[in-house]
Amino acid sequence: MGSDLKTDVLVIGAGPAGSMTAKWAAKHGASVLMIEKRQEIGSPVRCGEGMSKDWLPDVGIKPGRWVNVEVEGARIFSPNETVFEINEKHAGNEVGYVVERDEFDKQLAIDAANAGVEVRLKTAATGILKDDGKVVGAKVKQFGTTFDVHAKVTVGADGFESQVGRWAGIPTNIALKDMDSCLQYRMTNVDCDVRFCDFYLGKVAPGGYVWIFPKAEGLANVGIGVQVSQIRSMAEPRDYLDRWIAHHPAYSKGKKIDMVGGGVSISPPLKQTVMDGFMVVGDAARMIDPLTGGGIANGCIAGKICGTVAAQAAQRGDSSKEALLEYDRGWRARLEEKLYRNWLAKEKLCSLSDETFDKVVDALKDVKLQKLNVHNILKAVRDKYPEVTKEFEAFL
Amino acid sequence: MPSKKSLHIESSGQLCIYCGACVGICPLNCIYLDETRITFDEKVCTRCEICVKACPVGAIEIG
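In this report, the structure presented in the accompanying data block is examined.

What counts and what doesn't
- Residues numbered from 1 in each chain as written.
- Chains lettered and ligands numbered in written order.
- Predicted model: local features only at pLDDT ≥ 70, side-chain atom pairs only at ≥ 80, totals over all residues.
- Heavy atoms only, no water.
- Helix = DSSP H or I, 4+ residues; strand = E, 2+ residues; numbered from the N terminus.
- Buried < 20%, exposed > 50% of the residue type's maximum accessible area, 1.4 Å probe, protein only.
- Contact = heavy atoms within 4.5 Å.
- Lys, Arg positive; Asp, Glu negative; His and termini not counted.
- Charge placed at Lys NZ, Arg CZ, Asp CG, Glu CD.
- Pairing = 2+ DSSP bridges.
- Core = buried A, V, L, I, M, F, W, Y, C linked by side-chain atoms within 4.5 Å.
- Axes fitted to C-alpha atoms, helices over the stretch in contact; angles between N-to-C directions.
- Parallel < 35°, antiparallel > 145°, perpendicular 65-115°, else oblique.
- Left-handed = near helix turned anticlockwise from the far one by under 90°.
- Nonpolar A, V, L, I, M, F, W, Y, C, P; charged D, E, K, R; others polar.
- Phe/Tyr/Trp six-rings, centres within 6.5 Å; stacked < 30°, edge-to-face > 60°.
- Buried area = accessible area lost by both parts, 1.4 Å probe.
- Salt bridge = Lys/Arg side-chain N within 4 Å of Asp/Glu carboxyl O.
- Polar contact = N/O pair within 3.5 Å; in protein donor to acceptor, adjacent residues only side chain to side chain.

## Comments concerning the overall build of chain B
A tally of regular secondary structure across chain B gives two helices and four strands. Along chain B, helices and strands appear, N-terminal first, in the series β-α-β-β-α-β. Considering only C-alpha atoms, chain B reaches an extent of 35 × 20 × 15 Å along its principal axes. For chain B, the residues scored as buried account for 51% of the 63 residues in total. Summarising the internal contacts of chain B: among those between residues at least 6 apart in sequence, 52% fall at separations of at least 24. Counting 6 positive and 7 negative side-chain charges, chain B places the averaged centre of each group 9 Å from the other.

## Let's talk about the pairing of strand E13 (residues 196–200) of chain A
All names here are of chain A. With respect to burial, E13 is a largely interior element, five of its five residues being buried. The alternating pattern of E13 places Phe 196, Asp 198 and Tyr 200 and Cys 197 and Phe 199 on opposite faces, both of which are buried. The pairing of strand E5 (residues 73–77) with E13 spans five bridges and is classified as parallel. Its bridge partner lying in E13, Ile 76 is registered against Phe 199. Here E13 pairs with strand E14 (residues 210–216) via three bridges, running antiparallel. Its bridge partner being in E14, Asp 198 is matched across the sheet by Ile 212.

## A look at the pairing of strand E10 (residues 134–142) of chain A
Residues and elements named next belong to chain A. Bridge count between strand E9 (residues 123–131) and E10: eight bridges; the pairing is antiparallel. When the sheet's bridge partners are listed, Ala 124 is paired in E10 with Lys 141. Hairpin geometry of E9 and E10 is characterised by an intervening segment of two residues between the two adjacent antiparallel strands and by a positive phi of about 55 degrees at Asp 132. Pairing between E10 and strand E11 (residues 145–156): six bridges, direction antiparallel.

## Focus on helix H4 (residues 236–246) of chain A
A turn of α-helix holds 3.6 residues, and therefore any two residues three or four places apart point the same way. Within H4 of chain A the residues assigned to the buried category are Glu 236, Pro 237, Tyr 240, Leu 241, Trp 244 and Ile 245 of chain A. Contact partners of the buried residues in H4 of chain A: strand E12 (179–188), E13, E14, strand E15 (219–227) and helix H5 (249–252) of chain A.

## So, the nonpolar core
Side chains of nonpolar character tend, in soluble globular proteins, to be buried together. One finds Val 9, Val 32, Trp 55, Ile 61, Phe 278, Met 279 and Tyr 327 of chain A to be the most contacted residues of the largest nonpolar core, which totals 72 residues. Broken down by element, this core gets its largest block of residues, eleven residues, from helix H6 (residues 296–316) of chain A. When neighbours within four sequence positions are excluded, Tyr 327 of chain A is seen to be in contact with Thr 273, Val 274, Met 279, Val 280, Val 281, Met 287, Ala 302, Ile 305, Cys 306 and Val 309 of chain A. Val 210, Val 226 and Ile 245 of chain A together with Cys 26 of chain B belong to the second largest nonpolar core, which has 48 residues in total.

## Some remarks on the packing of H6 of chain A against helix H7 (residues 321–349) of chain A
Residues and elements named next belong to chain A. Put simply, H6 and H7 touch, their axes get as near as 8 Å, and they point 165 degrees apart. Classified by the angle between their axes, H6 and H7 sit roughly antiparallel to one another. Taken as a pair, H6 and H7 cross one another with a handedness that is right-handed. Contact residues: H6 offers Asn 298, Ile 301, Ala 302, Ile 305, Cys 306, Val 309, Gln 312, Ala 313 and Arg 316, while H7 offers Ala 323, Leu 324, Glu 326, Tyr 327, Gly 330, Trp 331, Arg 334, Leu 335 and Leu 339. For the contact of H6 with H7, the class distribution of residues is twelve nonpolar, three polar and three charged.

## Some points on the sheet that holds E14 of chain A
The strands that make up a sheet pair up through hydrogen bonds in the backbone, lying either parallel or antiparallel. Residues and elements named next belong to chain A. Reading across the sheet, the seven strands line up as E6-E5-E13-E14-E15-E12-E16 and stay open at both edges, with mixed pairing between neighbours. Of all the strands in the sheet, the pair left with one neighbour each is strand E6 (83–87) and strand E16 (255–265). Strand-to-strand twist in this sheet, taken as the mean axis angle between neighbours without regard to direction, amounts to 20 degrees. With six bridges connecting them, E14 and E15 associate as antiparallel partners. When the sheet's bridge partners are listed, Trp 211 is paired in E15 with Gly 223.

## Focus: the packing of aromatic side chains
Residues and elements named next belong to chain A. Taken as a whole, this structure holds ten aromatic pairs over all chains when the rule is applied. On the numbers, 4.2 Å between centres and 10 degrees between planes, the contact of Phe 77 with Tyr 200 is stacked. Of the two residues, Phe 77 sits in strand E5 while Tyr 200 sits in strand E13, which places them 123 residues apart along the sequence. Judged by relative accessible area, which is 8%, Phe 77 ranks as buried. The class for Tyr 200 is buried, based on a relative accessible area of 7%. Between Tyr 200 and Trp 244 the ring centres are 4.7 Å apart and the planes differ by 65 degrees, which places this aromatic pair in the edge-to-face class. Separated by 44 residues along the polypeptide, Tyr 200 in strand E13 and Trp 244 in helix H4 bring together distant segments of the chain. Judged on exposure class, the residue Tyr 200 and its partner Trp 244 are both buried.

## With respect to the interface of chain A and chain B
Between chain A and chain B, the contact holds 32 residues from the first and 25 residues from the second. Summing both sides of the interface, chain A and chain B together bury roughly 2200 Å²; the carbon and sulfur share of this comes to 57%. Considering only the side of chain A, the residues that lose the most area to chain B are Gln 163, Arg 166 and Met 234 of chain A, jointly responsible for 24% of the buried surface there. Two residues, Glu 35 of chain B and Lys 122 of chain A, come together in a salt bridge whose shortest N-O distance is 3.4 Å. For the interface between chain A and chain B, the tally reads 14 residue pairs in polar contact (both at pLDDT 80 or more). Listed by contribution, the elements that provide at least two residues to the side of chain A that touches chain B are helix H3 (164–168), E12, H4 and E16 of chain A. At five residues, the largest contribution of residues to the side of chain A that touches chain B is made by E16 of chain A. Here the side of chain A that touches chain B is built from residues that sort into 15 nonpolar, eight polar and nine charged.

Just geometry here; none of it tells us what the structure is for.
Here it is in structure tokens:
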């Protein structure tokens, strides 16, 4: 047994949401311990490495050497490969920068450490400590030694595969239709366009898409997400991706130098993200945008709020659920409406036939959309393919 | 009484890429990922096979 520790705020997981939470809690005067079960923050990478950029100044992140490429926009390819271009500003939270994700995570951890956070690697949470229903810390294991960390506020930032939320008692389970199983190769010797992040829709990736995120000339992340409820046999995401690559000459001659997998939640927002002494944030709180699969921006935005509320709660000596609800209200005000709307859109898109995708993208490519919103998209579709509009009546 | 089917997670590195997809989707929260080791709780697991589908590379088998 190691000796037990005491801290104001314990953050479990040192991804972007964890580091942001930790940094902002420390900046507001709390003592903060952030634990990470891996030996290296940010590695191995589990990410397509695309992110939008307009939110970065708001949460205090400066672009650094983690930026690979700044893209102009996105290209959406329908099943018959009709293309629709969208400016980066309107293209959702996966488009703006293509990043070196391990460098990004390390930079955020450095920012947290420099703000006063104590960081411990090779330190995993193995259980939650409770006192009369209230979370009062976690049982952790560092280099094989088990000890208790007592915290006024405990934050679960343990990513898609989150367990601490469920250990604490917050239901973070997701349905099969609300998860994509993802696989990606980093490929060299490919003919990619560094000006765009590309997305291929339809039956090539049921309930998801194939993405090409350029890392440099000739180098790109080529990946796929497939909705788990549409998977019929073992290793289907890999089969779909390999088939797609084989059918695209710009990529079929490429050479794989890296392979990344992972789960992405495409679920509606959680009903509950706080309880007495405990909050959950980022992918662990299912804050990933269900339409784009992007989680970094939302995790960081929520992390700033979470850290701020955690510090206030610790200082006031009140980490009751009621006190921590300020975080719940805060992230919902910023993110919830869009998460819910995009979840509805995802539900619809998952049901569209390839023919419908072709028509929608064809209608869009003809118009210069001043502003990309549901109303303008539907108007463009209605003008050219009135019969398709019926599919979207619920959105009008 | 019929015995439970067996679940096998190939996590020696031949198939598994330690991505955690199975951990996140497991409705009973009984799969554990420890860097390059995946274990699951035999007693809690009901062999629902959801993790088999969620695995992007086919490293989980049930039989």
